[in-house]
Amino acid sequence: MQWEVVIGLEIHTQLATQSKIFSGSATTFGSEPNTQASLIDLGMPGVLPVLNQEAVRMAVKFGLAIDAEIGQHNVFARKNYFYPDLPKGYQISQMELPIVGKGHLDITLEDGTVKRIGVTRAHLEEDAGKSLHEDFSGATGIDLNRAGTPLLEIVSEPDMRSAKEAVAYVKAIHALVRYLGICDGNMAEGSLRCDCNVSVRPKGQVEFGTRCEIKNVNSFRFIEKAINSEVQRQIELIEDGGKVIQQTRLYDPNKDETRAMRSKEEANDYRYFPDPDLLPVVIENAFLDEVRAQLPELPPQKRERFQEQFGLSVYDASVLASSREQADYFEKVVSIGGDAKLAANWVMVELGSLLNKLGVDIDQAPVSAEQLGGMLLRIKDNTISGKIAKMVFEAMANGEGSADEVIEARGLKQVTDSGAIEKVLDEMLAANAEQVEQYRAADEAKRGKMFGFFVGQAMKASKGKANPQQVNQLLKSKLEG
Amino acid sequence: MALERSDVEKIAHLARLGLVEADLPRTTEALNSILGLVDLMQAVDTSGIEPLAHPLEANQRLRADAVTERNHREAYQSIAPAVENGLYLVPKVID
């Protein structure tokens, strides 16, 4: 049987405000436990929540960026449940009238096709505290520093059909919130968390299958693995004559499997009702216009511009546009080095693998955009070859200064003086007289490989500095001659 | 819609209220009389009327995004039944 996978995602993004959504406590990550938990965050009686304007602005920014209708009349509701990391006994959230309505986001798949994913809604709510189960025998430790951190929960339509699409969507949301400056996107610190709703159905069937929700998957890699293992579990279950039960599951990366969370017999009943502590929040048109005017160029626009302005492929353009820092870096390299395709290649390949190796982001790149741009100029004007450029790049990464300084200090300037190259070639050919004989005796078909040997020897003899095109040309005439 | 005894038990559980056996009939009756009032109100034609989110005719004032709270952990934790390493301790919960 052919199965179709259906995935919808709920992404919680912590908004990058200084203070909490309803109190004046700081939101700094990693502070001493409970030092950022005020009376409001602790749920003490008699306190009143007051909404943070910046949280509203950030949510609106997101809504405008995904072409969504902005809820101009907002109501906050209480979502009631008991858990020790939620001291009030309810979470202030939004139910019927969320701040961001239906919108959409385009994702680029690996083959370059663009797919539109629907966003059902996004609403403001407060984060809960953290429970630490490990370190206390018979007790759970509660840290309420995170309680009250503003969250924007972004709910997608069930529009994704594979784990890869789901990851592409999360990456697109991740890039977008970082472009907008509304979330730092740090998944390891829980700034962006993802719940995956997964179901399968026989290909061609219209109704959705029963879905399971995988809670809190916190890296791109785990999202893909968790979805794939859950899909496999559901298909095997159904093919063995079983039935998928709607439930919440957790992904265990060590075993690469999902397992059911221990859950109560009865379904959750959150008994939402409007929070009487908060008046309706009205968003004026003037405010919308103001926020709209602040929107930066967003990834899809940037991708299109890179394609048109620089003649890049869809794939290259979307990789480079995927983060604001990388896009800025790339544009700076182009503005200095001139050649956009060469710049794209160096940023994506050499710089990309260097950053990967060092495990740092592009804003901490050991080679600045100015340095890389300066090096591309030297490739363009034939001062260095592409091969030598890799050495120069490495030297720049080791803090040896600008490309020009490295080339000067290490004497890497390409030799383009044909007299000097000929001298090197003559010496090399004399040292390999036997091979020269063989080459001249060989037929055309075998010569190709043998010619490569001479080129290699010549480059080696010149320490890589001889201009490769000239070496080729001169060698050919000398061998034929 | 009249509540059964089992509904009341479920609601009490959700609200973490420990109702004693003897209170159940009385509570069921009281809740049903409240719901009776709701039923009466349901009869009113409210089509075209916006749901009321708050009785006050006012909109929420927003505050500037500024940190105004300082750390008072010692004071707050002095009334907690159990703390350790700055954490509030509660009976073990595992979900």
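Residues numbered from 1 in each chain as written. Chains lettered and ligands numbered in written order. Predicted model: local features only at pLDDT ≥ 70, side-chain atom pairs only at ≥ 80, totals over all residues. Heavy atoms only, no water.

A.B. asks: Is there a simple way to explain the confidence of the model for chain B in this structure?
C.D. replies: Regions with low pLDDT carry predicted coordinates that are not meant to be interpreted in detail. Residues and elements named next belong to chain B. In the predicted model, chain B carries a mean pLDDT of 90, and the fraction of residues at 70 or more is 97%. Across chain B, helix H3 (residues 73–77) holds the top mean pLDDT of 96, while helix H1 (residues 5–14) sits lowest at 88. Both confidence scores are given for the complex: pTM 0.81, ipTM 0.88. (pLDDT = per-residue confidence, 0-100. Helix = DSSP H or I, 4+ residues; strand = E, 2+ residues; numbered from the N terminus.)

A.B. asks: I would appreciate a short explanation of the pattern of salt bridges in the present structure.
C.D. replies: Side-chain pairing between opposite charges can occur once the charged atoms of the two side chains come close. Residue and element names in this part refer to chain A. Considering all chains together, one arrives at 37 salt bridges over all chains under this definition. A salt bridge links Lys20 to Asp41; the nearest nitrogen and oxygen atoms lie 3.5 Å apart. Taken as a pair, Lys20 in the loop between strand E1 (3–14) and helix H1 (53–65) and Asp41 in the loop between E1 and H1 lie far apart in primary sequence, 21 residues in all. By relative accessible area, Lys20 is classed as buried at 0%. Linking Asp195 and Lys215 is a salt bridge whose minimum nitrogen-to-oxygen distance equals 3.4 Å. Placement of Asp195 in strand E10 (residues 192–202) and of Lys215 in strand E11 (residues 212–217) is noted, with a sequence separation of 20 residues between them. Lys215 sits in the partly exposed class, given a relative accessible area of 28%. (Salt bridge = Lys/Arg side-chain N within 4 Å of Asp/Glu carboxyl O. Buried < 20%, exposed > 50% of the residue type's maximum accessible area, 1.4 Å probe, protein only.)

A.B. asks: Help me understand the side chain of Gln91(A), please; the structure alone is not making it clear to me.
C.D. replies: Residue and element names in this part refer to chain A. Of note, Gln91 is situated in strand E4 (residues 90–93). Engagement of the side chain of Gln91 in a polar contact is seen with the backbone oxygen of Glu126, the distance being 2.8 Å. The contact partners of Gln91, leaving out residues within four places of it in the chain, are Ala77, Arg78, Lys79, Tyr81, Leu86, Glu125 and Glu126. (Polar contact = N/O pair within 3.5 Å; in protein donor to acceptor, adjacent residues only side chain to side chain. Contact = heavy atoms within 4.5 Å.)

A.B. asks: It is not clear to me how helix H7 (residues 324–337) of chain A should be interpreted in this structure. Could you clarify?
C.D. replies: Residues separated by three or four positions in an α-helix point in the same direction, a consequence of the helix having 3.6 residues per turn. Residue and element names in this part refer to chain A. In a regular helix each residue adds 1.5 Å, so 14 residues correspond to 20 Å; H7 covers 20 Å between its end C-alpha atoms and thus fits that length. Of the positions making up H7, those classed as buried are Gln326, Ala327, Tyr329, Phe330, Val333, Val334 and Gly337. Considered in projection along H7, the buried side chains sweep an arc of 160° and stay on one side of the axis. Turning to H7, the residues buried within the fold contact helix H2 (163–180), helix H5 (299–310), helix H6 (314–321), helix H8 (340–358) and helix H9 (369–380). The first or second residue beyond H7 is Gly338, which carries a positive phi of 85°. (Expected span 1.5 Å × (residues − 1). Arc of directions from axis to C-beta.)

A.B. asks: Just to check I follow, could you spell out the nonpolar core for this structure?
C.D. replies: Soluble, globular proteins show a tendency: their nonpolar side chains are buried together. Residue and element names in this part refer to chain A. Phe62, Tyr169, Phe330 and Met375 are the most contacted members of the largest nonpolar core, which has 108 residues in total. Residue contributions to this core peak at 12 residues, all from H2. Residues from two domains meet in this core; each of domain 1 (3–286) and domain 2 (297–410) gives at least three. Apart from the residues lying within four places of it in its own chain, the contact partners of Met375 are Trp346, Ile384, Ala389, Val392, Phe393, Met396 and Ala403. (Core = buried A, V, L, I, M, F, W, Y, C linked by side-chain atoms within 4.5 Å. Domains from an automatic or database assignment.)

A.B. asks: When you look at the UniProt feature "domain: Asn/Gln amidotransferase" (unreviewed entry) in chain A in this model, what are you seeing that I'm missing?
C.D. replies: Sites flagged by UniProt as "domain: Asn/Gln amidotransferase" (unreviewed entry) map to residues 328–479 of chain A. Each end of residues 328–479 of chain A is marked by a C-alpha atom, and these two atoms are 49 Å apart; helix forms 75% of the span and strand 0%. (UniProt positions renumbered as here; feature names shortened; annotations may be inferred.)

A.B. asks: Looking at this model, I keep getting lost on the packing of aromatic side chains. Mind explaining?
C.D. replies: To describe a pair of aromatic rings, you give the distance between the ring centres and the angle between the ring planes. Residues and elements named next belong to chain A. Per the counting criterion, the structure on display carries 10 aromatic pairs over all chains. On the basis of an interplanar angle of 85° and a centroid distance of 5.8 Å, the ring pair of Phe22 and Phe76 is categorised as edge-to-face. Of the two residues, Phe22 is situated in the loop between E1 and H1 and Phe76 in the loop between strand E2 (73–74) and strand E3 (77–80); the sequence distance between them amounts to 54 residues. The residues Phe22 and Phe76 share a single accessibility class, namely buried. The structure contains a cluster of three or more aromatic residues connected by ring pairs, namely Tyr81, Tyr270 and Tyr272. Over the aromatic face of Tyr270 sits the side chain of Lys79, whose NZ or CZ is 4.3 Å from the ring centroid. (Phe/Tyr/Trp six-rings, centres within 6.5 Å; stacked < 30°, edge-to-face > 60°. Lys NZ or Arg CZ within 6 Å of the ring centre and 35° of its normal.)

A.B. asks: What am I meant to see in the sheet that holds strand E12 (residues 248–252) of chain A here?
C.D. replies: Residue and element names in this part refer to chain A. The sheet built from 8 strands is open, its strands ordered E5-E6-E9-E1-E10-E11-E12-E13 with mixed pairing. The outermost strands of the open sheet, each flanked by one partner alone, are strand E5 (103–108) and strand E13 (257–260). Taking each pair of neighbouring strands and ignoring which way they run, the sheet shows an average axis angle of 30°. In this sheet, E11 lies alongside E10 in antiparallel orientation, the contact comprising 4 bridges. The residue of E11 that forms the bridge with Cys194 is Val217. Running over the sheet, helix H3 (residues 220–239) touches E1, E10, E11, E12 and E13 and is turned about 30° from E10. (Pairing = 2+ DSSP bridges. Axes fitted to C-alpha atoms, helices over the stretch in contact; angles between N-to-C directions.)

A.B. asks: Any chance you could explain a nonpolar patch on the surface here in plain terms?
C.D. replies: Taken together, the side chains of Ile34(B), Leu37(B), Val38(B), Leu40(B) and Met41(B) make up a nonpolar region of the molecular surface, amounting to roughly 490 Å² of accessible area. Positionally, Leu40(B) belongs in helix H2 (residues 23–42). (Patch = residues over 30% accessible without salt bridge, like charges linked within 9 Å, V, L, I, M, F, W, Y side chains within 5 Å. Areas by Shrake-Rupley, 256 points an atom, 1.4 Å probe, with all protein chains shown as cover.)

A.B. asks: Honestly, the sheet that holds strand E1 (residues 83–84) of chain B in this entry has me stumped. Any pointers?
C.D. replies: Sheet strands associate in pairs through backbone hydrogen bonding, adopting either a parallel or an antiparallel arrangement. Pairing in this open sheet of 4 strands is antiparallel, and the strands run E7(A)-E8(A)-E2(B)-E1(B) from one edge to the other. Bordering the open sheet on either side are strand E7 (130–132) of chain A together with E1 of chain B, each of which pairs with just one other strand. Relative to strand E8 (residues 139–143) of chain A, E7(A) runs antiparallel, the two sharing 3 bridges. Bridged to Leu132(A) within E8(A) is Gly141(A).

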